[in-house]
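Structure assessment
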Amino acid sequence: MSCIFCQIIKKEMPADIIYENEQVVAFKDIHPKAPLHFLIIPKKHIPSVDHLEEEDKELMGELVLSAKKIAKEQGVSAAYKLVFNVGRAGGQIIDHIHLHLLAGWKSDKERDIPGMP
Ligand code: AMP
Ligand code: ZN
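Below you will find a few notes about this structure.

What counts, and where the lines are drawn
- Residues numbered from 1 in each chain as written.
- Chains lettered and ligands numbered in written order.
- Predicted model: local features only at pLDDT ≥ 70, side-chain atom pairs only at ≥ 80, totals over all residues.
- Heavy atoms only, no water.
- Salt bridge = Lys/Arg side-chain N within 4 Å of Asp/Glu carboxyl O.
- Near = heavy atom within 4 Å.
- Polar contact = N/O pair within 3.5 Å; in protein donor to acceptor, adjacent residues only side chain to side chain.
- Areas by Shrake-Rupley, 256 points an atom, 1.4 Å probe, with all protein chains shown as cover.
- Helix = DSSP H or I, 4+ residues; strand = E, 2+ residues; numbered from the N terminus.
- Nonpolar A, V, L, I, M, F, W, Y, C, P; charged D, E, K, R; others polar.
- Core = buried A, V, L, I, M, F, W, Y, C linked by side-chain atoms within 4.5 Å.
- Buried < 20%, exposed > 50% of the residue type's maximum accessible area, 1.4 Å probe, protein only.
- Contact = heavy atoms within 4.5 Å.
- Donors = N, O, S within 2.8 Å, 3.2 Å for Na, K, Ca; no water.
- Tetrahedral: all angles 85-135°; square planar, octahedral: opposite > 155°, others 65-115°.
- Pairing = 2+ DSSP bridges.
- Axes fitted to C-alpha atoms, helices over the stretch in contact; angles between N-to-C directions.

Attention now moves to the pattern of salt bridges. Tallied over the entire structure, the rule returns 8 salt bridges. Notably, a salt bridge pairs D29 with K33, separated by 3.9 Å at the nearest N-O pair. If you follow the salt bridges from partner to partner, you end up with K11, E20 and K43 in one network.

Quick look at the structure:
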């Protein structure tokens, strides 16, 4: 059985997909840690940042540029966080690389997210 995010990519598992292109998919995090919380993932299964190879350079560029596009589409270009958790002790629970896009706070206080930098 493929990983949960691979299942979302193949549409075998439901998700609220907000963006998709040839290389990446983005969807709403099921347990949001900010007023807006999306996960941006490559369609290629890579377990974590620690598993990246030289050949993944362009794909990671695409991932970050997709985050920028999504922030614009969602009207939060002026203020957002991008986070990769790496390894269990680093807070990673799903072993398919994913970029968290967090945004939508109304105050600095609201922006303090437990478990996130
Ligand atoms: P991490 O802790 O960096 O591995 O982040 C995994 C994220 O995936 C968490 O924020 C979860 O809330 C989220 N998540 C887990 N399962 C799903 C799912 N089926 N759909 C959307 N988000 C999910
Ligand atoms: Zn996967």
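Every one of the 17 residues lining ligand 1 counts as a neighbour, but D29, K33, G91, I93 and H98 are closest to it. Note that an oxygen atom of ligand 1 is positioned 2.6 Å from one of the backbone N or O atoms of I93. Contact with the protein chains hides 90% of the accessible area of ligand 1, taken as 500 Å² for the molecule alone. Only α1 (4-9) and β2 (24-28) provide two or more residues apiece to the shell around ligand 1. Along the lines of polarity and charge, the residues of the shell around ligand 1 split into 8 nonpolar, 6 polar and 3 charged.

Core analysis: the biggest nonpolar cluster contains 17 residues, and I40, M60, L63, I70 and L101 have the highest contact counts within it. Within the residue set of this core, elements represented by two or more residues are β2, β3 (36-42), α2 (57-73) and β5 (99-103). Among the elements that make up this core, the one with the highest residue count is α2 (6 residues). When near neighbours in sequence (up to four residues on either side) are disregarded, L63 contacts V24, I40, I41, P42, F84 and L99.

With that out of the way, let us pick up the coordination of the zinc ion (ligand 2). Those protein atoms acting as donors to the zinc ion (ligand 2) are C3 (SG), C6 (SG), H45 (ND1) and H96 (ND1), and they sit at 2.0 to 2.3 Å. Around the zinc ion (ligand 2) sit 4 donor atoms; with metal-centred angles ranging over 102 to 118°, the donor geometry is tetrahedral. Within one chain, the residues donating to the zinc ion (ligand 2) are spaced in sequence as C-x2-C-x38-H-x50-H. Here the residue H45 occupies a position in the loop between β3 and α2, and H96 occupies one in the loop between β4 (80-83) and β5, the gap between them amounting to 51 residues. You can call H45 partly exposed: its relative accessible area is 37%.

Sheet strands associate in pairs through backbone hydrogen bonding, adopting either a parallel or an antiparallel arrangement. Read from one edge to the other, the open sheet built from 5 strands follows the order β1-β2-β3-β5-β4, with strand pairing classed as antiparallel. The sheet terminates laterally at β1 (17-20) and β4, the two strands that pair on one side only. Strand-to-strand, the axes of this sheet are offset by a mean angle of 20°, without reference to chain direction. With 5 bridges connecting them, β2 and β3 associate as antiparallel partners. Bridging from a neighbouring strand, V25 pairs with I41 of β3.

Bringing the environment of A15 into the picture now. Structurally, A15 can be placed in the loop between α1 and β1. Along the backbone, A15 and Q74 are 59 residues apart, and their C-alpha atoms lie at a distance of 18 Å. Setting aside residues no more than four positions away along its own chain, A15 makes contact with I8 and F27.

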